[in-house]
Every structure is written in C-alpha cells, then in structure tokens.
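Descriptive structure summary
Here's the letter readout for the chains.
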Amino acid sequence: MEKLTSNDLIQLEDKHGAHNYHPLPVVLKEGKGVHVWDVEGKRYYDFLSAYSAVNQGHCHPKIVGAMNAQAETLTLTSRAFYNDVLGVYEKFVTEYFGFDKVLPMNTGAEAVETAIKICRKWAYEKKGIPENEAKIIVCENNFHGRTTTIISFSNDPDARKNFGPYTPGFIKIPYDDTAALEAALNEDNIAGFLVEPIQGEAGVYVPSEDFLAKAKALCNEHGVLFIADEIQTGIARTGSLLAVCGTCNCENKCERQATYQEPDILILGKALSGGAYPVSAVLANDEIMNVIKPGQHGSTFGGNPVAGKVAIAALEVVTEERLMNNARELGETFRFEMQKLVEKYDLLKLVRGRGLLNAVVINDSEDSSTAWDICMKLRDNGLLAKPTHGNIIRFAPPLVMNKEQLMECVAIIDKTLSEF
Ligand SMILES: *Cc1c(COP(=O)(O)O)cnc(C)c1O
C-alpha cells in the first residue's frame with residue numbers, strides 16, 4: 001500500500017468522518033514526552049496536551065508499560081464479577097485524593113453525569129428535597145461535556161442548539177460571583193453547586209483568589225454539595241494536585257493547607273490516565289457515595305483492570321516526577337515571558353492562567369481569524385496550540401517539560417508574533 005500523506009489522511013477524515021470537529025491541519029503519528037511528530041516526520045512541541053489529558057507526557061514508558069502488561073493479562077470482566085485490580089486501584093486513588101470512596105467511569109462527561117446523579121439522589125434521600133424538585137447551580141460559560149443533560153445547562157449555542165428538549169433542574173449564575181451564588185443558594189430545593197475551579201474551555205478564566213473558599217463555605221452553610229469538575233484543572237496541571245488546593249505548596253502530595261477546599265464531590269478524568277486510556281472517576285465520602293446501591297448506576301468498562309493499572313501508574317508518575325512543582329515553577333516563568341511579549345506586541349492583549357494552564361488573549365475581535373492564523377504559523381514554526389473561543393489561545397504543554405524546552409517554545413512564540 002502506498003504511504004498516505006497528511007493531505008490524504010485529512011481527505012479521508014473529511015469524507016468518512018462526521019464533521020463534529022475542526023482540527024488544525026496537522027496529522028500526527030507519534031508522540032514522546034513533550035513532542036509529537038507528523039506523518040512527514042516534522043517534530044512539534046505539543047502545547048495542548050489533548051486538553052490536559054497528557055500531563056505526564058506522550059507515551060510515558062511507565063504508563064504504557066502498565067497498560068501493555070495488563071492488556072496481555074486481563075482486559076475486561078465487567079462489574080458482574082470482581083477483578084484483582086479494581087480494589088487495589090480504589091484503595092490507591094481514594095488515599096491519593098483523600099476520600100472514602102471512588103466510583104470509576106471512563107470519560108469526563110460520564111463522570112459529570114455520575115456526579116449529578118449522586119448529588120440528586122443524596123438531595124432526595126439525605127436532605128429531604130421533594131422528589132424531582134432538586135436543582136443544581138452551575139456557572140455561565142461552563143464546559144462539563146457533551147451529553148444531553150450536560151449541554152442542557154451550557155450557554156454555548158453550538159453545544160446546545162437543536163439538541164433539545166433539555167434536562168431541567170439547573171440554575172445558572174455568573175462565574176466568580178459570590179453574591180449571585182449566595183442568592184441562588186437561598187432559593188428552595190438546591191442540591192449542589194457544580195463548578196470548574198478554573199474555566200478551561202471558556203478561555204482559562206481564573207476566579208478571584210477567595211472565590212472557591214467562599215463558595216465552599218456558602219455551600220456548607222446551606223447544606224449544599226460543592227462539586228468540583230477538575231477534569232481539566234486537576235492532577236498537577238495548575239501547579240497543585242487539584243486546582244481547589246489553590247496556592248498550597250504541595251510537594252509530593254497535597255498537604256491540605258489552610259486554603260485547601262475539599263469538594264464534597266470531586267470529578268476527575270483526562271490526566272487520570274496520562275492520555276493513554278479513557279479513565280474517569282467520581283470521589284466522595286461515605287455519607288454521600290453510599291446513596292448509590294447495587295443496580296442503580298454502572299458502566300460496562302468503568303473500573304476495568306487496564307484502567308486501574310493505567311491510573312495507578314499515571315498518578316505515581318505525577319508524584320515521582322514532581323509534576324506539581326514543575327507546573328508551578330514553569331508556569332511562573334511562562335507567564336513572566338508572555339507578559340514581556342504582551343508589552344512587545346500590540347497583537348497580544350494579556351496572558352492569564354495558573355501553573356501550566358495558560359491563555360493569551362489576542363487583540364482582535366472575537367470573530368476574527370487572527371488566533372487561528374497565529375496557530376497556523378505556530379504550527380509552521382514547530383509548536384501546536386489551538387484557539388478557544390475565537391480570540392484566545394490556550395497554552396498547556398505536558399508537565400514533563402524542562403526549562404530549556406520552555407524557553408525554546410517562548411522563542412518560537414516570539415518569532416511567530418514578529419512575523420505578523
Ligand atoms: C474535557 C472536559 C470534560 C469532558 O470530558 P470528556 O472526556 O471529553 O467527556 C468535562 N469537564 C471539563 C472541565 C473538561 O475539561
């Protein structure tokens with residue numbers, strides 16, 4: 001068979017695949033650490049990390065090794081039977097994050113759905129909310145996934161339009177608005193508050209320093225569950241184990257400093273597998289998780305032995321390679337260097353973020369193609385990033401990057417901007 005070029009492969013997707021994405025035209029065939037290679041052999045720095053799934057770097061040998069070994073031994077039993085990995089993984093992951101229990105799922109959206117179901121059930125059975133009346137508070141411009149229920153409380157017209165009728169039971173408030181949260185909490189039948197500690201898809205919006213702590217305290221006061229969607233922000237991305245840890249200086253593991261706000265329900269996905277396999281999880285303590293009884297929720301693949309082995313390896317890599325510290329230190333350097341470029345080029349309006357989850361806002365209208373054009377030039381210069389919401393470019397490299405590589409990337413961004 002003739003070797004297919006990038007162009008051939010793009011044509012194939014265009015002809016045979018549903019057009020539900022608009023990828024940057026680059027066709028990747030290999031990845032190692034912070035780098036990926038296209039089918040013509042050109043090397044790039046990956047500055048998206050599959051939306052922060054590949055925090056541990058592409059094809060991390062420890063994670064791939066664990067996956068391969070388990071794939072040759074036992075891949076799936078379903079939860080109709082026990083397997084010899086699940087309990088070991090459950091002990092590991094609950095101790096790692098400090099919760100009594102975990103409910104294993106596969107994708108992020110499934111984990112969000114699971115959290116919503118647990119929250120509602122808890123509200124009826126523990127809080128005494130009348131049946132079918134429970135409401136969950138969410139934030140404007142949220143991104144929690146693509147299921148029918150989740151898009152019901154999105155306000156992105158692309159995500160929502162013509163997918164109705166929508167699931168009721170959600171109240172939307174502005175992000176980072178404590179007064180609005182307090183007002184919503186005073187309404188009847190509130191069960192939970194579902195929030196991203198930093199809004200990633202919306203364009204890396206970092207809330208004010210005390211928002212999460214205040215939100216958690218208000219939820220406590222009102223007997224409402226604080227549900228953190230850390231699918232993108234969690235697992236070292238923002239310089240701490242979880243973004244709800246705020247500014248805590250966790251060395252190997254979160255040290256639970258005063259700023260740490262333990263969510264009542266924690267949702268993880270993406271980097272829980274280092275990008276090797278779909279693994280997601282919902283964590284909570286017994287008084288909440290025990291509302292779920294046999295037969296009331298499940299997943300054929302959730303908690304399979306490959307997922308368990310992969311997740312243990314992926315979390316061990318985070319600890320062993322001190323990815324939290326690296327993300328925190330390199331993040332500071334990156335924003336410092338980007339700030340210099342903001343001052344140098346009119347094209348850049350500002351840089352914001354935490355750890356290695358950052359974004360630059362382009363000085364142009366939201367519907368302009370400038371951010372896309374910059375990403376195309378960055379690609380030509382060997383760095384892959386993707387615009388989010390028109391004029392924002394997210395920069396989120398794997399956390400295994402070193403300072404020298406980061407400075408090389410800063411030079412690529414500088415050179416690219418100088419070409420405009
Ligand atoms: C990616 C993401 C999801 C959805 O995860 P999928 O695995 O794509 O279903 C949910 N919430 C947040 C914050 C995310 O970034």
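Residues numbered from 1 in each chain as written. Predicted model: local features only at pLDDT ≥ 70, side-chain atom pairs only at ≥ 80, totals over all residues. Heavy atoms only, no water.

Some details on unusual backbone geometry
Definition in use: Numbering of helices and strands runs from the N terminus; a helix is a DSSP stretch of H or I covering at least four residues, while a strand is a stretch of E covering at least two.
Across the junction of G164 and P165, the peptide omega takes the value 5 degrees, indicating a cis bond. Relative to the helices and strands, P165 resides in the loop between helix 7 (157-160) and strand 6 (170-173). Phi is positive for S78, which is not a glycine, with a value near 65 degrees. Residue placement: S78 occurs in the loop between helix 3 (61-71) and helix 4 (86-97). Phi is positive for R322, close to 45 degrees, though the residue is something other than glycine. Its place among the elements puts R322 in the loop between helix 11 (305-320) and helix 12 (323-344).

So, the pattern of salt bridges
Note the cut-off: For salt bridges, the criterion is a side-chain nitrogen of Lys or Arg within 4 Å of an Asp or Glu carboxyl oxygen. Each residue's exposure class comes from its accessible area (1.4 Å probe, protein chains only) as a fraction of the maximum for that residue type: buried when under 20%, exposed when over 50%, partly exposed otherwise.
As enumerated under the stated definition, the model contains 12 salt bridges in all. As a salt-bridge pair, D414 and K344 come within 3.0 Å of each other at their nearest N and O atoms. Of this pair, D414 sits in helix 14 (residues 403-418) while K344 sits in helix 12, placing them 70 residues apart in sequence. According to the relative accessible area criterion, K344 is exposed, its value standing at 51%. Here the salt bridges share partners, and the residues they tie into one network are K62, E316 and E320.

Remarks on the packing of aromatic side chains
Spelled out, the test is: Each Phe, Tyr or Trp ring, with Trp reduced to its six-membered ring, pairs with another whose centre is within 6.5 Å; inter-plane angles below 30 degrees give stacked pairs, above 60 give edge-to-face pairs, and intermediate values give tilted ones. Charges are assigned to positions over rings by a cutoff of 6 Å between ring centre and Lys NZ or Arg CZ, combined with an angular limit of 35 degrees from the ring normal.
Enumeration according to the criterion identifies 8 aromatic pairs in this entry. When the centroid spacing of 5.7 Å and the interplanar angle of 80 degrees are considered together, the rings of F47 and F395 count as edge-to-face. Of this pair, F47 sits in the loop between strand 3 (43-46) and helix 2 (49-52) while F395 sits in strand 15 (residues 392-395); the two residues are 348 residues apart in sequence, bridging distant segments of the chain. Here F47 and F395 have matching classes, each one buried. Consider the rings of F193 and F226, whose centres lie 6.3 Å apart with planes at 55 degrees: the pair is tilted. Taken as a pair, F193 in strand 7 (residues 190-195) and F226 in strand 8 (residues 225-229) lie far apart in primary sequence, 33 residues in all. Linked through ring pairs, F47, F334 and F395 together constitute an aromatic cluster. Across the ring face of Y166, the terminal group of R160 is positioned such that the distance to the ring centre comes to 3.8 Å. Across from the ring centre of F420, 5.4 Å away, lies the NZ or CZ of K377, which sits over that ring.

Comments concerning the side chain of T238
To be explicit about the condition: Between two residues, a contact is recorded if the distance between any of their heavy atoms is within 4.5 Å.
Of note, T238 is situated in the loop between strand 8 and strand 9 (265-268). Contacts of T238, omitting those with residues within four sequence positions, involve I198, T233, A243, R354, G355 and L357.

Remarks on the site of the ligand
Using the following cut-off: For this description, a residue counts as near a given molecule or strand if any of its non-hydrogen atoms is within 4 Å of it. Side-chain atoms alone can form a polar contact between residues adjacent in sequence; in general such a contact is a pair of N or O atoms within 3.5 Å, and within protein one must be able to donate a hydrogen while the other accepts it. All accessibility values rest on the Shrake-Rupley procedure with a 1.4 Å probe; residue burial counts only the protein chains present in the view. Lys, Arg, Asp and Glu make up the charged group, whereas Ala, Val, Leu, Ile, Met, Phe, Trp, Tyr, Cys and Pro make up the nonpolar group; the residues left over, Gly among them, are polar.
In the vicinity of the ligand, the contacting residues are T107, G108, A109, F143, H144, G145, E196, D229, I231, Q232 and K270. Within the backbone of G108, an N or O atom sits 2.8 Å from an oxygen atom of the ligand. Here the ligand has 380 Å² of accessible area as a free molecule, and 80% of this is covered by the chains. Within the shell around the ligand, the residues separate by chemical class into 3 nonpolar, 5 polar and 3 charged.

Notes on the sheet that holds strand 14 (residues 386-388)
Paired through their backbone hydrogen bonds, the strands of a sheet run either parallel or antiparallel. What counts is decided by this rule: When DSSP finds at least two bridges between two strands, those strands are taken to pair. With axes taken as lines fitted to C-alpha atoms, and helix axes fitted only over the stretch in contact, angles between N-to-C directions fall between 0 and 180 degrees.
Read across the sheet, 4 strands follow the order 11-12-15-14 without closing on themselves; strand pairing throughout is antiparallel. Across the chains shown, the open sheet's two edge strands, defined by having one partner strand only, are strand 11 (348-354) and strand 14. Averaged over neighbouring strand pairs, the angle between their axes works out to 30 degrees when direction is ignored. Running at roughly 170 degrees to strand 11, helix 12 makes contact with strand 11, strand 12 (357-362) and strand 15 of the sheet.

A few points about the domain arrangement of the chain
Convention followed: Residue ranges for the domains trace back to a domain assignment, done automatically or taken from a database. Two parts lose some accessible area (1.4 Å probe) when they are put together, and adding that loss for both gives the buried area.
With domains assigned, the chain is organised as domain 1 (6-56 + 323-418) and domain 2 (62-320). Each of domain 1 and domain 2 has a C-alpha centre, and these two points are 26 Å apart. Each partner contributes to the interface: domain 1 provides 29 residues, whereas domain 2 provides 34 residues. Carbon and sulfur atoms make up 53% of the area that domain 1 and domain 2 hide from each other, which totals about 2,600 Å². Sorting the residues of domain 1 by area buried against domain 2 places Q56, M324 and R354 first, and these three jointly supply 32% of that buried surface.

Some words on the pairing of strand 12
Consecutive residues of a regular strand have side chains that alternate between opposite faces of the sheet. For strand 12, the tally of buried residues reaches 6 of 6 residues, placing the bulk of the element in the interior. Burial along strand 12 is two-sided: L357, A359 and V361 and N358, V360 and I362, pointing in opposite directions, are all buried. Looking at chain direction, strand 11 and strand 12 are connected through 6 bridges and run antiparallel. Bridging across to strand 12, L350 finds its partner in V361. Following strand 11, the chain reverses through 2 residues before pairing antiparallel with strand 12; G355 in that reversal takes a positive phi of roughly 55 degrees. The pairing of strand 12 with strand 15 spans 4 bridges and is classified as antiparallel. Opposite N358, over in strand 15, you have F395 as the bridge partner.

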